[in-house]
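What follows is each chain in one-letter form.
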Amino acid sequence: MAPRRQAAPEGSMPPPSRPSSPGGEEIEETPFFDNVDELQQHGINVQDILKLKSASINTVSGVVMTTRRQLLKIKGMSEAKVEKIKEAAQKITVVIDQHYRLLLLMTLHKGSSFATGIEVQDRRKRVLIISTGSKSVDTILGGGLMSQSISEVYGEFRTGKTQLAHTMSVVTQLPPEMGGASGKVAYIDTEGTFRPDRIRSIADRFGVDGNMALENILYARAFNSEHQVVLLYCYTAIVNMLQMELISECSMRFAEDKDFRLLIVDSIMALFRVDFSGRGELSERQQKLAQVMSKLTKLSEEFNIAVLITNQVQSHPRRIADPGATMTFVAGGALKPIGGHILSHSSATRMFLRKGKSLALTTVIQEESGAKWRAEERVAKLVDSPDRPESEASYKLDEGGWTDV
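Since the model is a prediction, treat every value here as computed from it, not as a measurement.

What counts, and at which threshold
Residues numbered from 1 in each chain as written. Predicted model: local features only at pLDDT ≥ 70, side-chain atom pairs only at ≥ 80, totals over all residues. Heavy atoms only, no water. Pairing = 2+ DSSP bridges. Helix = DSSP H or I, 4+ residues; strand = E, 2+ residues; numbered from the N terminus. Axes fitted to C-alpha atoms, helices over the stretch in contact; angles between N-to-C directions. Core = buried A, V, L, I, M, F, W, Y, C linked by side-chain atoms within 4.5 Å. Buried < 20%, exposed > 50% of the residue type's maximum accessible area, 1.4 Å probe, protein only. Contact = heavy atoms within 4.5 Å. Salt bridge = Lys/Arg side-chain N within 4 Å of Asp/Glu carboxyl O. Polar contact = N/O pair within 3.5 Å; in protein donor to acceptor, adjacent residues only side chain to side chain. Phe/Tyr/Trp six-rings, centres within 6.5 Å; stacked < 30°, edge-to-face > 60°. Parallel < 35°, antiparallel > 145°, perpendicular 65-115°, else oblique. Left-handed = near helix turned anticlockwise from the far one by under 90°. Nonpolar A, V, L, I, M, F, W, Y, C, P; charged D, E, K, R; others polar. pLDDT = per-residue confidence, 0-100.

**Some words on the sheet that holds strand β5 (residues 149–155)**
Spatial ordering of the open sheet is given by β7-β6-β8-β9-β5-β12-β15-β16-β17, a layout of nine strands whose pairing is mixed. The sheet is open, and its two borders are formed by β7 (217–221) and β17 (401–403), each paired with just one other strand. Within this sheet the neighbouring strands show an average axis-to-axis angle of 25°, counted without direction. For strand β8 (residues 260–266) and strand β9 (residues 306–311), the ladder comprises four bridges, and the chain directions are parallel.

As structure tokens, then:
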């Protein structure tokens, strides 16, 4: 649900604008995933459904995305039961198109898994677009960051990666006409840089109650890469027998609360970079990273949410700084994102952030906290996108987060 809005303060920034959907048409918002309890209507007994929930599989689409091999690892599941559950999941309607009322059935593993381009276009109308807070950056992105995909931003320190995460934590809660998605945010912090006071100042820019904005943010602090993976498990439908109680509680809560629209991981590689070092541990690191990115991809599609990850950069020599990126070439001069090909292929949209010319003559002072924000121009370069050309846009950081220069 959208937070309660206050009267916009005098001199505040106007709300960002963006198209409501890729097709430019207004789509009535409704969750398009079914609870796993729906399987009971198709002959699956309650005991087997409880077994699925104990493995943090709480949606029908989660059943479809989980392989038979993984389902067989659940205690008490036989091949016959798994096959019956798979068949029942395929019969259940997962999504309903709000414009044409077409029932779109999941037919994976049986019959045809193909769809026409028109059918794919209809499904894409459910994609949500969330503003970054800067109209110029939204323009090169086609309106903002999109759901059902992973968006990655990378750059050196003080380019605004964490500030983008804070800004979007507030913007996501705004109504669609203001660039938001009327939803909640899940925030996984690996560097300890989340600041509630920053959320309040950004909320003031949009005339939103600060306490309500913070109430709609589900925050978790990760201290190592294994903990980070566990936290991701809390929002996915993947089995992890070692963390069953935590996974069941978090996954069930996420499936029942259908208001989440954005998941932020700030940053994706910080803990992996510490826990795995050198070429001797590179293979294991990349394998675990691939598993994390696979979970994020499934999560974004299963719950129709946008996933924003921030990433660190490295300078030459690349071979010493991060062996996993020795063959990676992207825009940004000598600065390269870490994570190698695993990360580059998993992220649908990638933006490189860099510092621009200084506008330090203008200084904005936040009276309440005494914080000083130097209005300096930054540049966001769209490096990779499935539907947008490579381009650049300028933005700046002030007390209201990301905004136009």
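Anyway, onward from the coordinates.
**What about the nonpolar core?**
In terms of nonpolar packing, the biggest core is built from 37 residues, with Val137, Phe206, Leu262 and Leu308 touching the most fellow members. By residue number, the principal contributor to this core is helix α7 (residues 161–171), which donates five residues. Non-local contacts of leucine 262, meaning those with residues more than four positions away in its chain, are made with Ile130, Met168, Thr172, Lys184, Val185, Ala186, Ile305, Ala306, Val307 and Leu308. Among the nonpolar cores identified, the runner-up in size contains 21 residues, and Leu263, Val265, Leu289 and Leu296 belong to it.

**With respect to the pattern of salt bridges**
As enumerated under the stated definition, the model contains eight salt bridges in all. A salt bridge links aspartate 48 to lysine 81, with the shortest nitrogen-to-oxygen separation between them at 3.5 Å. Linking aspartate 48 in helix α1 (residues 46–54) with lysine 81 in helix α4 (residues 79–91), this pair joins segments that are 33 residues apart in sequence. When its relative accessible area of 6% is taken as the criterion, aspartate 48 is described as buried. A salt bridge links glutamate 390 to lysine 381; the shortest N-O distance between them is 3.3 Å. Owing to a relative accessible area of 18%, lysine 381 belongs among the buried residues under this scheme.

**Focus on unusual backbone geometry**
In this structure, the amide linkage connecting aspartate 266 to the following residue, serine 267, adopts the cis form with an omega of -5°. Locating serine 267 in the fold gives a position in the loop between β8 and α12 (270–275). For serine 182, which is not glycine, the phi torsion reads 55° and is therefore positive. Tracing the sequence through the fold places serine 182 in the loop between α7 and β6 (184–189). We note that asparagine 304 has phi near 55°; this positive angle belongs to a residue other than glycine.

**Considering the environment of glutamate 377**
Looking at the element boundaries, glutamate 377 is found in strand β15 (residues 377–384). The buried category is assigned to glutamate 377, whose relative accessible area is 12%. Linking glutamate 377 and serine 394, residues 17 residues apart in sequence, is a C-alpha distance of 6.6 Å. At a separation of 2.7 Å, a polar atom in the side chain of glutamate 377 contacts the side chain of serine 394.

**As for the packing of aromatic side chains**
According to the stated counting rule, one finds five aromatic pairs in the structure shown. Seen in terms of ring centroids, tyrosine 154 and phenylalanine 352 are 5.4 Å apart; in terms of plane orientation they differ by 40°. Their pairing is tilted. Highlighted residues: tyrosine 154 in strand β5 and phenylalanine 352 in strand β12 (residues 349–355), separated in sequence by 198 residues. Tyrosine 154 sits in the buried class, given a relative accessible area of 0%.

**Some remarks on the packing of α7 against helix α8 (residues 196–205)**
Packing of α7 against α8 leaves a shortest axis separation of 9 Å and a crossing angle of 55°. Classified by the angle between their axes, α7 and α8 sit oblique to one another. Judged by the twist between their axes, the crossing of α7 over α8 is right-handed. Residue-level contacts link Gln163, His166, Thr167, Ser169 and Val170 of α7 to Arg198, Ile199, Ile202, Ala203 and Arg205 of α8. A class-by-class count of the residues in the contact of α7 with α8 yields four nonpolar, four polar and two charged.

**Considerations on the pairing of β6**
In terms of burial, β6 is a largely internal element, six of the six residues being buried. Both β6 and β7 contribute to a ladder of five bridges, which runs parallel. Bridge pairing links tyrosine 187 to tyrosine 219 in β7.

**Side note on the confidence of the model for the protein**
Mean pLDDT over the protein stands at 75; residues scoring 70 or higher make up 67%. Element-level mean pLDDT values for the protein span from 40 in strand β1 (residues 93–96) up to 96 in strand β3 (residues 129–130). In this model, residues 359–369 is a region of pLDDT below 50 whose contacts with residues beyond four sequence positions or in other chains number 18 contacts.

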